[in-house]
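# Results of the structural survey
Listed here are the chains, written in short residue letters.
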Amino acid sequence: MADATDQQPQTKSMDDIMSLCKRRGFIYQASEIYGGVNGFWDYGPLGAQLKKNLRDVWWQDIVMNPCQGKPGPKGEPISMVPVDTCIIQNPKVWEASGHVGGFNDPMVDCTESKKRYRADHLLCFPVIRDDETYDNATPIGYVASLSREQLLEQENKKVWKRIRKAFADSIGSNEHAGYSYGDERLYSELQPEERAAVLGPDASERGTLTEPRQFNLMFKTYLGATATEDDIAYLRPETAQGIFINFKNVVDTTRVSVPFGIAQTGKAFRNEVTPRNFTFRSREFEQMEIEFFCHPEEANDWYVFWRDWRMQWWQEIGLAGENLILREHDKDELAHYAKEGAGTSDIEYRFPFTAPGFGELEGIAHRSNYDLSAHQNHPESNTKLEYLDTTRGELAKNGQPKGERYLPDVIEPSAGLDRGVLAILCEAYTPDPERPSKVFMRFHPRVAPIKAAVFPLVNKDGMPEKAAELHQMLVKRFGHLGKIETDPKQSIGKRYARMDEAGCPFCFTIDGDTLTDGTVTVRDRDTAEQKRIPFDDVVEFVATGLGLG
Ligand code: ATP
C-alpha cells in the first residue's frame with residue numbers, strides 16, 4: 001500500500017482532488033445549477049463536517065484548553081475568552097481600521113486576454129538579445145508572469161514560441177535570441193514606457209496591460225430601505241476588528257487581566273478581484289482569529305510563543321512534513337502596522353497549485369497597539385481604551401504597585417478556516433492504485449468527518465441487529481465529534497472503498513463469528529489491514545484512535 005510520506009503534493013493533481021471533493025460531497029460550486037458564482041463555494045455533507053471539526057478542534061485548543069495546557073513565556077497559564085461579533089458594524093469601524101481608505105489592491109487588466117492581475121504580484125522578466133551580455137544589456141521588453149517557476153515550467157513549450165513571436169521585430173530571426181531570468185521587477189515598479197514593452201502572462205502582443213488601478217475589496221451594502229449614500233455599510237473583511245472594538249467591554253465585564261487573548265471564528269468577505277485556486281482565494285470565507293493583548297515589553301516573547309505554537313498546532317492536526325513551512329517576513333514585506341523590529345510570519349502550505357512555492361494558511365503578526373489606538377483616536381469613538389494594569393507601576397506607601405495605564409500591544413494569529421480545510425484535503429489525498437477506490441483520504445482522526453463505520457457483512461442472520469447495537473454505542477460516545485456511519489447494503493469491498501474516499505479511520509464489520517465468539521473485524525484505513533478484536537473493546541479502541549483514550 002502507498003505510504004503518504006512518499007506522495008509529494010506537487011505530484012498530486014488539483015483536478016483529481018477537486019473531482020473527489022465534488023464526487024464525495026466535500027465541496028460544491030455555489031449556485032451550481034445556475035452556472036455558479038465566481039469566488040463562492042458550498043460545503044456538502046462531508047465537507048461541512050470536516051470544516052466544523054477543524055473549527056471545533058481550533059476552539060477546543062484555543063478557547064477551552066488554550067494551547068493544550070502549554071504555559072506562556074513566563075510559565076503562566078494562557079488566558080483566553082471568546083466573542084461572536086457582527087458581520088456588519090458601524091462603518092466608522094472600517095474608517096478607523098484603515099480598511100475604507102487603504103484596503104485596496106492595485107490591479108492591472110489585460111486588454112487582450114481580459115484577465116486581471118495584482119500589480120504587486122506580476123513579475124516582469126527582462127528580455128535580452130542573445131548577442132548582448134546580461135550585464136550591459138538594455139532589455140528590449142519584459143515577459144510578465146506570476147512566478148519565476150511558472151515561467152520556467154512552461155519553457156520549451158508554448159511560452160518560448162509566444163515570446164519569440166511577440167518580440168520578433170526586435171530579435172529578428174535569431175533562433176537563439178533569449179530572455180533572461182535575472183533581476184525581475186514588479187509591474188508596479190516599472191515606468192510607463194517600460195510597461196508598454198511588457199508581454200502579459202496570457203497575451204500574444206506586448207503592451208496590453210493597463211496602468212495599475214486601486215480596487216476596494218470591501219463588499220458594500222445599505223442599511224434600511226432608502227439606500228442612500230448615508231446608509232452605506234460594509235460586510236466585514238476580517239473578524240479581528242469585532243474583537244478590538246469589544247476590548248473594553250470584555251475587560252470591564254469579565255475577570256481577565258493582561259496578558260490575555262480574545263478569540264473568534266466567523267465569516268469574512270472580500271471582493272477579491274481574481275478569486276482562484278478552488279477555495280484558496282474566495283470572496284466569502286471563514287477566519288479563526290486570536291488577538292492576544294500583552295504589555296509592550298513582553299510582546300516579542302508572546303510573538304515567538306504564538307508563532308511557534310500555531311506552527312506546532314497545524315503539524316499536530318495532520319500537516320506534518322515538508323509541505324508546511326514557517327516563513328518569517330522580510331523587512332520590506334512588513335505591514336503598515338508592524339512595529340519596527342517586531343516580527344510577522346506566515347504559516348504556509350505547499351498546495352498543488354502553488355508548488356514548488358507555498359500559500360498562506362495563517363499569519364502571525366505583532367500589530368503593536370495599532371488597532372486599539374486607531375479606535376481610541378477616531379474622533380467619533382469617544383472611548384479611552386487604555387488598560388489599567390494593577391500589577392505594574394511604582395510602589396505606593398503600602399507596598400502595593402500604583403498601577404500603570406497603557407494600550408496593550410497585540411499579537412494576532414489569524415488563520416483561514418477554508419484554507420485550512422483545503423490544505424488538509426490536499427495533504428490527506430493519497431493515491432493508491434492497489435485499492436478498489438484508487439485513493440484514500442488520510443485525515444487526522446481529530447478532523448475526519450466520519451469517525452468510524454459499522455457494517456454487517458450481510459444484511460441477515462442477526463448481523464444487522466448486532467451492527468445497529470454497536471452503531472448506537474459509538475454514536476452515544478462519539479457522535480458529538482463526527483458521523484458514525486452504518487450501511488447494510490452492497491459488497492463489503494465497495495463499502496470499504498467508500499469509507500476510504502471519505503477518510504473514515506476505522507471500519508468495523510459484524511460477521512457470523514461475531515455472533516458466536518463475540519469478536520468483530522476492524523479495518524485500518526491507512527494500512528487496509530484487518531484484525532479481530534472483542535466486540536466489547538470497540539468503544540475503547542475508537543477512543544484510543546481518536547486520541548481520547
Ligand atoms: P493573501 O495575501 O493571501 O490575500 P492576507 O495576508 O490578505 O492573504 P489576512 O488578511 O492576513 O490574509 O487574513 C488572514 C487569513 O485569512 C489568511 O491567512 C487566509 O488563511 C485567510 N484568507 C484571507 N483572504 C482569503 C480569501 N480570499 N479566501 C480564503 N481565505 C482567505
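The structure displayed is predicted, hence computed values, not measured ones.

What counts and how
- Residues numbered from 1 in each chain as written.
- Predicted model: local features only at pLDDT ≥ 70, side-chain atom pairs only at ≥ 80, totals over all residues.
- Heavy atoms only, no water.
- Pairing = 2+ DSSP bridges.
- Helix = DSSP H or I, 4+ residues; strand = E, 2+ residues; numbered from the N terminus.
- Axes fitted to C-alpha atoms, helices over the stretch in contact; angles between N-to-C directions.
- Contact = heavy atoms within 4.5 Å.
- Near = heavy atom within 4 Å.
- Polar contact = N/O pair within 3.5 Å; in protein donor to acceptor, adjacent residues only side chain to side chain.
- Areas by Shrake-Rupley, 256 points an atom, 1.4 Å probe, with all protein chains shown as cover.
- Nonpolar A, V, L, I, M, F, W, Y, C, P; charged D, E, K, R; others polar.
- Expected span 1.5 Å × (residues − 1).
- Buried < 20%, exposed > 50% of the residue type's maximum accessible area, 1.4 Å probe, protein only.
- Salt bridge = Lys/Arg side-chain N within 4 Å of Asp/Glu carboxyl O.
- Domains from an automatic or database assignment.
- Buried area = accessible area lost by both parts, 1.4 Å probe.

This part covers the sheet that holds strand S17 (residues 359–368). Here we have seven strands laid out as an open sheet, ordered S3-S13-S14-S20-S17-S16-S15, and mixed in their pairing. Each of the sheet's edge strands pairs with one partner strand only, and the pair in question is strand S3 (80–82) and strand S15 (324–328). For this sheet, the mean angle separating the axes of adjacent strands, direction not counted, is 20°. Relative to strand S16 (residues 344–349), S15 runs antiparallel, the two being bridged by five bridges. Among the inter-strand pairings, Arg 327 is bridged to a residue of S16, identified as Asp 346. Most of the contacts of helix H11 (residues 299–319) go to S17, to which it runs at about 160°, and overall it touches S3, strand S14 (284–294), S15, S16, S17 and strand S20 (409–416).

Let us look at the site of the ligand. Around the ligand, the surrounding shell holds 15 residues, and the nearest of these are Arg 270, Glu 272, Arg 281, Ser 282 and Glu 360. At 2.9 Å from an oxygen atom of the ligand is found a main-chain nitrogen or oxygen belonging to Leu 361. When the ligand is considered free in solution it has 590 Å² of accessible area, and contact with the protein chains removes 80% of it. When contributions to the shell around the ligand are tallied by element, the ones reaching two or more residues are S14, S17 and S20. Sorting elements by how many residues they give to the shell around the ligand places S17 first, with four residues. Across the shell around the ligand, the residue classes tally to three nonpolar, six polar and six charged.

Its location among the elements puts Asp 487 in the loop between strand S24 (483–486) and helix H15 (492–502). A polar side-chain atom of Asp 487 sits 3.1 Å from the main-chain amide nitrogen of Lys 489. If we ignore the near neighbours within four places in the chain, the residues touching Asp 487 are Val 454, Phe 455, Pro 456, Arg 495 and Arg 498.

This part takes up helix H13 (residues 417–428). When the terminal C-alpha atoms of H13 are compared, their 16 Å separation across twelve residues agrees well with the 16 Å that a helix rising 1.5 Å per residue should span. Most of H13 sits inside the fold, with twelve of its twelve residues counted as buried. If you check which residues of H13 are buried, you get Leu 417, Asp 418, Arg 419, Gly 420, Val 421, Leu 422, Ala 423, Ile 424, Leu 425, Cys 426, Glu 427 and Ala 428.

Within the fold, Asp 389 resides in strand S18 (residues 387–389). In this structure Asp 389 comes out as buried when scored by relative accessible area, which is 4%. A polar atom in the side chain of Asp 389 sits 2.6 Å from the side chain of Thr 391. Only 3.3 Å separates the side chain of Asp 389 from the side chain of Arg 392, close enough to count as a polar contact. Those residues within four positions of Asp 389 in sequence are excluded, and the remaining contacts are Gly 403, Glu 404 and Tyr 406.

As enumerated under the stated definition, the model contains 38 salt bridges in all. Close ionic contact of Asp 487 with Arg 498 constitutes a salt bridge, the shortest N to O distance being 2.2 Å. Here Asp 487 is found in the loop between S24 and H15, whereas its partner Arg 498 is found in helix H15, with eleven residues between them in sequence. Among the residues examined, Asp 487 registers a relative accessible area of 15% and is labelled buried. Relative accessible area serves as the criterion here: at 26%, Arg 498 is assigned to the partly exposed category.

This part is about the domain arrangement of the protein chain. Many analyses report the size of an interface as the accessible area lost when the parts associate. Along its sequence, the protein chain is organised into domain 1 (14–101 + 221–428), domain 2 (104–214) and domain 3 (448–545). One C-alpha centre belongs to domain 1, the other to domain 3, and the line joining them spans 38 Å. Domain 1 puts eight residues into the contact, and the matching count from domain 3 is nine residues. Taken together, both faces of the contact between domain 1 and domain 3 bury some 710 Å²; the carbon and sulfur share is 53%. Interface area lost by domain 1 to domain 3 is led by Arg 24, Leu 46 and Asn 53, which between them contribute 56%. Across the domain 1-domain 3 interface, the total number found is two salt bridges. We note a salt bridge from Glu 501 to Arg 24, for which the minimum N-O separation is 3.9 Å.

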